[in-house]
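Chain residues, written in single-letter form:
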Amino acid sequence: MAFGPEEQYVRHLGIYTAIFNLDNYLGLQNTGRLYATPGKAANVFTDRGNTEARAAFHFTADHLEYDRRDPASHKRIITERFAGEGWEVPRLLKERDAAGEFFFDANAQVVMDSWSAGRVVLLGDAGYCAGPTSGRGTSQVLIGAYLLAGELATRDGDHTAAFAAYEQQLRPYVAEHQALGHEGAERFFMPAPTQEVLDMLAANAPENTRAEPVRLPDYTPAPPPDRRRSLRTGTRPHGRRCRRSARADAAAQKPAAGSSPAPNWAGWQPALPPRFPQRPCTRSVLRAAPTTHIRFHPYQTNRTERAPQ
Ligand SMILES: Cc1cc2nc3c(=O)[nH]c(=O)nc-3n(C[C@H](O)[C@H](O)[C@H](O)COP(=O)(O)OP(=O)(O)OC[C@H]3O[C@@H](n4cnc5c(N)ncnc54)[C@H](O)[C@@H]3O)c2cc1C
């Protein structure tokens, strides 16, 4: 609504993809299988410690007309495109009908001159999707969220300046990934990929991997607002406290008669968790880590680690 019709910003990359979950009936162990014909591919790979699998169908096509909210029509498109194909494709089409989760969409990018309009700002795919073929979408949204939160927390309520600083810092990073997404889409349907090429892809395309991790600024957020004011206005400081808990906090902190009435925030510092040990990144490490000081290796999330402080 704030930016106008999405057709102005969405750039189709010429590939459609469907993904769904299924039993690991091929008995794959931490690996995948790919079937490719000109302009079409189907693949299966393991997930959740080989207890299940994901399968995907990909095909090239210019813009297709279909109802985005109608999975039956998406499945019909896949059936028509992959009719008569060999390998495991007939079985995968059956598995697809039984799948609990089914995704279908065009591979696309979002390209916008500005990521904000007034008090509305875009984060992640909504503003700067690089496309699945970039392999960087999750990095973009995490880093974007970090920068946006940091800029908002340190610009004293000046959202215009915060939005501009967020965009200015992230633009080059996004431009690089959108170029990568384009190249990936062009190379996606290789005529006959050699084992060497497949090995290279499996090793995260080392020629594309960043040699240097992204350096992110550290932010020291402004002190939290006076809780009594938020109690009066019913606002939620930091979006966490409900009115009841704010009231309980205020009652608990009510100064005794004659004592200093307001907390003194001078020199206030956020309480950061203790230093994180250097070890390979797992989901729980990422969840527990403070948002400051994280080094991102965009291609190889298992190499993400805490930067020395
Ligand atoms: C097939 C495929 C493969 C991918 N592979 C990779 C990969 O290997 N590596 C990688 O880094 N990235 C990959 N990506 C990209 C990655 O998934 C996205 O870049 C990332 O999820 C973007 O995060 P986001 O929060 O911006 O958007 P999303 O994850 O799309 O989150 C947006 C959320 O908003 C919700 N929503 C939408 N409209 C409304 C509304 N009106 N009201 C309320 N909620 C709404 C949606 O339901 C969704 O939950 C892949 C993407 C696809 C499609």
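Treat the numbers as computed from the prediction; the structure is a model and nothing was measured. (Residues numbered from 1 in each chain as written. Predicted model: local features only at pLDDT ≥ 70, side-chain atom pairs only at ≥ 80, totals over all residues.)

## Topic: the overall build of the chain
As a reminder of what qualifies: Helical segments are the DSSP runs of H or I of at least four residues, strand segments are the runs of E of at least two, and each set is numbered from the N terminus. The burial label depends on the number of other C-beta atoms within 10 Å of a residue's C-beta. Counts of 20 or more mean buried, 12 or fewer mean exposed, and intermediate counts mean partly exposed, with C-beta atoms placed from the backbone. Placing C-beta atoms from the backbone, we regard two residues as in contact once those atoms come within 7 Å.
Helices and strands together make up the secondary structure of the chain, namely nine helices and nine strands. Looking at the chain residue by residue over its 309 residues, the buried ones come to 20%. Across the chain, the fraction of contacts at a sequence separation of at least 24, relative to all contacts at a separation of at least 6, is 57%.

## Things to note about the sheet that holds strand 5 (residues 102-110)
This is how the line gets drawn: Being paired, for any two strands, means DSSP has found at least two bridges between them. For helices, the fitted line uses only the C-alpha atoms of the stretch in contact; every axis is such a line through C-alpha atoms, and the angle between N-to-C directions lies from 0 to 180 degrees.
The strand order 2-3-4-1-5 describes an open sheet built from five strands, whose pairing is antiparallel. Either end of the sheet is taken by a strand with one partner, and the two such strands are strand 2 (32-37) and strand 5. The sheet shows a mean angle of 20° between the axes of neighbouring strands, taken without regard to direction. The pairing of strand 1 (residues 10-23) with strand 5 spans eight bridges and is classified as antiparallel. Counted as the bridge partner of T17 is D105 from strand 5.

## Re helix 4 (residues 137-154)
Formally: Helix span, expected: 1.5 Å multiplied by one less than the number of residues in the helix.
The terminal C-alpha atoms of helix 4, which comprises 18 residues, lie 26 Å apart, in line with the 26 Å expected from a rise of 1.5 Å per residue. Taken together, the buried positions of helix 4 are S139, Q140, I143, G144, L147, L148, G150, E151 and L152. Those residues of helix 4 that are buried are in contact with strand 7 (120-121), helix 3 (125-128) and helix 5 (159-187). Downstream of helix 4 by a residue or two, D156 has a phi angle that is positive, lying close to 55°.

## Some words on the confidence of the model for the chain
To keep things clear, this is the line we draw: How sure the predictor is of each residue is captured by pLDDT, a score from 0 to 100.
Here the chain averages 76 in pLDDT, and 64% of its residues register 70 or above. Confidence over residues 236-246 falls short of pLDDT 50; this stretch has 13 contacts with residues more than four positions distant or in other chains. In this model residues 249-309 is a low-confidence stretch, pLDDT under 50, and it forms 56 contacts with partners more than four residues away in sequence or in other chains.

## Re helix 5
What counts here: Each residue is assigned a bend, namely the angle between axes fitted to the seven residues that terminate at it and the seven residues that start at it.
Between its first and last C-alpha, helix 5 extends 40 Å over 29 residues, near the 42 Å set by a 1.5 Å rise per residue. At R171, helix 5 shows its largest kink, close to 40°, and the proline P172 lies no more than four residues downstream.

## With respect to the site of the ligand
How we decide: Here is the check we use: build the C-beta atom from the backbone, and if it is within 6 Å of the molecule or strand, call the residue near.
As a structural note, the neighbourhood of the ligand is formed by T17, I19, G124, D125, A126, P132, G135, R136, G137, T138, S139 and V141. Elements with a contribution of two residues or more to the shell around the ligand: strand 1, helix 3 and helix 4.

## Side note on the packing of helix 4 against helix 5
Keep this limit in mind: Note on angle classes: values under 35 degrees are labelled roughly parallel, values over 145 roughly antiparallel, values of 65 to 115 roughly perpendicular, and the remainder oblique. Put simply, a crossing is left-handed when the front helix is turned counterclockwise from the back one by less than a right angle, and right-handed when it is turned clockwise. Residue type decides the class: Asp, Glu, Lys and Arg count as charged, Ala, Val, Leu, Ile, Met, Phe, Trp, Tyr, Cys and Pro as nonpolar, and the leftover types, Gly among them, as polar.
Running from N to C, helix 4 and helix 5 point in directions that differ by 160°, and their axes come no closer than 8 Å. When the interaxial angle is binned, helix 4 and helix 5 end up roughly antiparallel. The handedness of the crossing between helix 4 and helix 5 is right-handed. Within the contact between the two elements, helix 4 uses Q140, I143, G144, L147, L148, E151 and L152 and helix 5 uses H159, A162, A165, Y166, Q169, L170, Y173, V174 and H177. Of the residues contributing to the contact of helix 4 with helix 5, the split by class is 10 nonpolar, five polar and one charged.

## Observations concerning the environment of T138
With respect to the secondary-structure elements, T138 resides in helix 4. Overall, T138 belongs to the exposed group, with 12 C-beta atoms counted inside 10 Å.

## Remarks on the nonpolar core
Cut-off, in case you're wondering: Each nonpolar core reported here comprises buried Ala, Val, Leu, Ile, Met, Phe, Trp, Tyr and Cys residues connected via C-beta atoms within 7 Å. Note that the domain bounds reflect an automated or database-derived domain assignment.
Among the nonpolar cores identified, the biggest contains 36 residues, and A42, A55, F57, Y128, Y166 and L170 are the most heavily contacted of them. Mapped onto this core, the elements with two or more residues apiece are strand 1, strand 3 (40-47), strand 4 (52-60), helix 1 (71-82), strand 5, helix 4 and helix 5. Sort the elements by how many residues they give to this core and helix 5 lands first, with eight residues. Split by domain, this core shows at least three residues from each of two domains, domain 1 (13-107) and domain 2 (116-219 + 273-306). When neighbours within four sequence positions are excluded, A42 is seen to be in contact with Y35, A55, A56, F57, F82, V89 and L92.

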